[in-house]
Amino acid sequence: MGLRGMTLTLTNCGKRSYAVDGYPDVVAVLGPEGTRVGGVRAVAGTDQVPMAPPDPGPKAFVLRPGERARAGLYWRMAAEEGSYLRMAPRKGQAAVTLPLPDPLDIGPRNTLGATAWVPAG
């Protein structure tokens, strides 16, 4: 049916607790050369991605050192390849570029929906 999905994992690698509330901030999908895949729109929630599972909605919680949270990313199959995500754990934090284990076949004029973070334990 063309629906694709992957899980993001956020691990608290620090020595202090980390407050989590909301959605991952996906700034951009980048192609194999590191250039932005044009026309991809990242949104909080999954209601704009046909047939994606429902978003649980944001709920505040705390990750102690070593604990993990997870969020889902959903999109519809298209022609271009995304090899990296430029993202942050939440809006207002510094974004990092992460290599993807498998490419996103997301392509131009597509929507990438993210679910809220939930504890992974």
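Provided above is the structure to which this section pertains.
Residues numbered from 1 in each chain as written. Predicted model: local features only at pLDDT ≥ 70, side-chain atom pairs only at ≥ 80, totals over all residues. Heavy atoms only, no water.

With that out of the way, let us pick up unusual backbone geometry. The phi torsion at M51 lies on the positive side, around 70°, for a residue other than glycine. With respect to the helices and strands, the residue M51 is situated in the loop between β4 (40–44) and β5 (61–63). Since its relative accessible area comes to 54%, M51 is described here as exposed. (Helix = DSSP H or I, 4+ residues; strand = E, 2+ residues; numbered from the N terminus. Buried < 20%, exposed > 50% of the residue type's maximum accessible area, 1.4 Å probe, protein only.)

Here we take up the sheet that holds strand β7 (residues 82–88). Working definition: the strands of a sheet are paired by backbone hydrogen bonds and lie parallel or antiparallel to each other. One open sheet accounts for three strands, arranged β3-β7-β8; its pairing is antiparallel. Each of the sheet's edge strands pairs with one partner strand only, and the pair in question is β3 (25–30) and β8 (96–104). Across the sheet, the axes of successive neighbouring strands diverge by a mean angle of 30°, strand direction being ignored. Bridge count for β7 against β8 is five bridges, and the pairing is antiparallel. What sits directly across from Y84, in β8, is P99. (Pairing = 2+ DSSP bridges. Axes fitted to C-alpha atoms, helices over the stretch in contact; angles between N-to-C directions.)

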